[in-house]
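Listed below, chain by chain, are the residues.
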Amino acid sequence: MCRGPHLPWSFHVRTCHRPLLNTPLNALHIELGARMVPFAGYSMPVQYPAGLMAEHQHTRQAAGLFDVSHMGQLKLIGPDAAAAFESLMPVDVIDLPVGKQRYGLLLNDAGGIIDDLMFFRVAQNEIFVIVNGACKVGDIAHIQARIGQRCEVIPMPDHALLALQGPQAVTALSRLAPGVEKLVFMTGGNFAIAGCDCFVTRSGYTGEDGFEISVPAAQADTLARALLAQPEVKPIGLGARNSLRLEAGLCLYGNDIDTTTTPVEAAIGWAMQKVRRTGGARAGGFPGADKVLAQLDNPASLTRKRVGLIALERVPVREHTELQSLDGQKIGEVTSGLLGPTIDKPVAMGYVLPAHAALGTRINAIVRGKAVPMEVSAMPFVPTNYYRG
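The following refers to the structure shown. (Residues numbered from 1 in each chain as written. Predicted model: local features only at pLDDT ≥ 70, side-chain atom pairs only at ≥ 80, totals over all residues. Heavy atoms only, no water.)

Here we look at the nonpolar core
And then number 1: The biggest cluster of nonpolar side chains holds 27 residues, and the ones touching the most others in it are Leu162, Leu173, Val200 and Leu223.
And then number 2: Mapped by element, the contributors of at least two residues to this core are β4 (63–67), β10 (159–165), α5 (169–176), β11 (188–193), β12 (196–201), β13 (210–216) and α6 (220–228).
And then number 3: The contact partners of leucine 223, leaving out residues within four places of it in the chain, are Leu162, Ile193, Cys196, Cys198, Ile213 and Val215. (Core = buried A, V, L, I, M, F, W, Y, C linked by side-chain atoms within 4.5 Å. Buried < 20%, exposed > 50% of the residue type's maximum accessible area, 1.4 Å probe, protein only. Helix = DSSP H or I, 4+ residues; strand = E, 2+ residues; numbered from the N terminus. Contact = heavy atoms within 4.5 Å.)

Put into structure tokens, the structure is as follows:
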């Protein structure tokens, strides 16, 4: 019997005891019959009447609209903004061209990941940043404390954020905003959509082509209704967002990455450009640089590594499930896991000892006392469809 969608532990936990906040689309979610759950301090839609599986498949086949207004938006402004922001992360900010977006990682002084984020070079002296909802208060405080004397740090609580994802997202959006079809992955610009003042990037967190749209909160309902009026578009909740990002091999902050994991352990060292690595023109200079660069330069020093896993039996393997070697030794733990709707197989991510991280390695997950065979797999589990022109 279906008992509803499985969600990560963090989807069910309030970040504090304060009353839940609502996004500007709360009334619309209720009107559409959404089941609401606490997430990152907000009341958020986990699914609509069609259900998680239908929403997941619709996003893979057509276009899904996600409310991600719980996420934090801010601007960094000033001639030193790029250099200042680069001092907090192991990524190249200074050389990012105007009009381009990049994935970034805020690190603590031990090299642990405070948050993962997206940032966009709006102008030579302006950077637009999107951070995770559960982390935004801490992130903004951290950024303000570390670089607030070098540039203006301007939170944008009066803005909502929508994500339109799927192979037909460009068809739906270009009908309302001619010209967005010219954008390629990780680029963006300003567009008027249904009378709303929008900043659009061609990006997202599903592995599909799509767009993220920042809009004044007062205009969010108008924008969402205009998008949902397009025949390709249906509303999608957090449940399908989670299954889509996992199939795409993308990390969920708080599950797959946190302050106890470094970028190298998390297998996202690709986010660190050569200019910031050992031997690069601006090597180091970020929090935890000695540890992170040492791990990059000497992979044998790692004590664990994030890997993709596919179960060889039809048994979903959830987060916090123990992973063992074939001889019964504990070698790690699952951090995200569910039945992948697109590939119709149980998929997971987790951390294992490096000796067990090679592709094709067989290990066991211990589910209710039973060993479920799994195999280390390449990620993404479903090929990505980003539009690169």
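Description of the pairing of β10
And then number 1: Burial analysis of β10 places six of its seven residues in the buried class, the great majority of the element.
And then number 2: The sheet contact formed by β4 and β10 spans four bridges and is antiparallel. Paired with aspartate 67 across the two strands is leucine 162, which belongs to β10.
And then number 3: Bridge count for β10 against β13 is seven bridges, and the pairing is antiparallel. Residue pairing in the sheet places leucine 162 in a bridge with isoleucine 213 of β13. (Pairing = 2+ DSSP bridges.)

A word on the state of the cysteines
And then number 1: Taken as a whole, this structure holds zero disulfides when the rule is applied.
And then number 2: With no disulfide of its own, cysteine 251 lies 13 Å from the sulfur of cysteine 135, the closest cysteine sulfur. (Disulfide = S-S within 2.5 Å.)

Observations concerning the sheet that holds β13
And then number 1: Pairing is mixed in the open sheet, where six strands are placed in the order β11-β12-β13-β10-β4-β14. The open sheet has two free edges, formed respectively by β11 and β14 (233–235), since each of these has just one partner strand. In this sheet, adjacent strand axes meet at a mean angle of 30° when their direction is disregarded.
And then number 2: With three bridges joining them, β12 and β13 adopt antiparallel strand pairing. Paired with valine 200 across the two strands is isoleucine 213, which belongs to β13. (Axes fitted to C-alpha atoms, helices over the stretch in contact; angles between N-to-C directions.)

So, unusual backbone geometry
And then number 1: The omega torsion across methionine 379 and proline 380 is 5°, close enough to zero to call that bond cis.
And then number 2: You will see that aspartate 344, though not glycine, has its phi angle at about 55°, which is positive.
And then number 3: Assignment of secondary structure puts aspartate 344 in the loop between β17 (330–340) and β18 (345–352).

Examining helix α8 (residues 289–297)
And then number 1: Among all positions in α8, only Ala289, Val292, Leu293 and Gln295 are buried. Projected down its long axis, α8 carries its buried residues within an arc of 155°, all on one side. Opposite the packed face of α8, turned more than 90 degrees from it, sit the exposed residues Asp290 and Asp297.
And then number 2: Against the buried residues of α8 lie β6 (101–107). (Arc of directions from axis to C-beta.)

Observations concerning the sheet that holds strand β15 (residues 305–311)
And then number 1: Spatially, six strands are ordered β15-β18-β17-β16-β19-β20 in a closed barrel, and the strand pairing comes out antiparallel. In this sheet, adjacent strand axes meet at a mean angle of 45° when their direction is disregarded.
And then number 2: Sheet topology places strand β16 (residues 322–324) next to β17; three bridges connect them, and they run antiparallel. Bridge pairing in β17 links glutamate 322 to glutamate 333.
And then number 3: Where helix α7 (residues 238–247) meets the sheet, it contacts β17 and β18, and its direction lies at approximately 120° from that of β17.

Thoughts on the pattern of salt bridges
And then number 1: Here the structure, examined in full by the defined rule, presents 19 salt bridges.
And then number 2: Across the pair aspartate 92 and arginine 102 runs a salt bridge whose closest N-O atoms are separated by 3.8 Å. You can see aspartate 92 sitting in the loop between α3 (81–86) and β6 and its partner arginine 102 sitting in strand β6, a full 10 residues away along the chain.
And then number 3: Of the residues examined, aspartate 92 reaches a relative accessible area of 7% and is grouped as buried.
And then number 4: Aspartate 109 is the salt-bridge partner of arginine 146, the closest N and O atoms lying 3.3 Å from each other. (Salt bridge = Lys/Arg side-chain N within 4 Å of Asp/Glu carboxyl O.)

Examining the side chain of aspartate 256
And then number 1: If you trace the backbone, aspartate 256 turns up in the loop between α7 and α8.
And then number 2: Separated by 2.9 Å, the side chains of aspartate 256 and arginine 245 make a polar contact.
And then number 3: Here aspartate 256 is in contact with Arg245, Leu250, Cys251, Thr335, Ser336, Met349 and Tyr351, once residues within four sequence places are set aside. (Polar contact = N/O pair within 3.5 Å; in protein donor to acceptor, adjacent residues only side chain to side chain.)

Examining the packing of helix α2 (residues 52–61) against α7
And then number 1: For the pair α2 and α7, the least separation of the axes is 8 Å and the interaxial angle reads 55°. Classified by the angle between their axes, α2 and α7 sit oblique to one another. In the packing of α2 onto α7, the handedness of the crossing is right-handed. The residues of α7 that touch α2, namely those facing Leu52, Glu55, His56, Thr59 and Arg60, are Gly239, Ala240, Ser243, Leu244 and Glu247. (Parallel < 35°, antiparallel > 145°, perpendicular 65-115°, else oblique. Left-handed = near helix turned anticlockwise from the far one by under 90°.)

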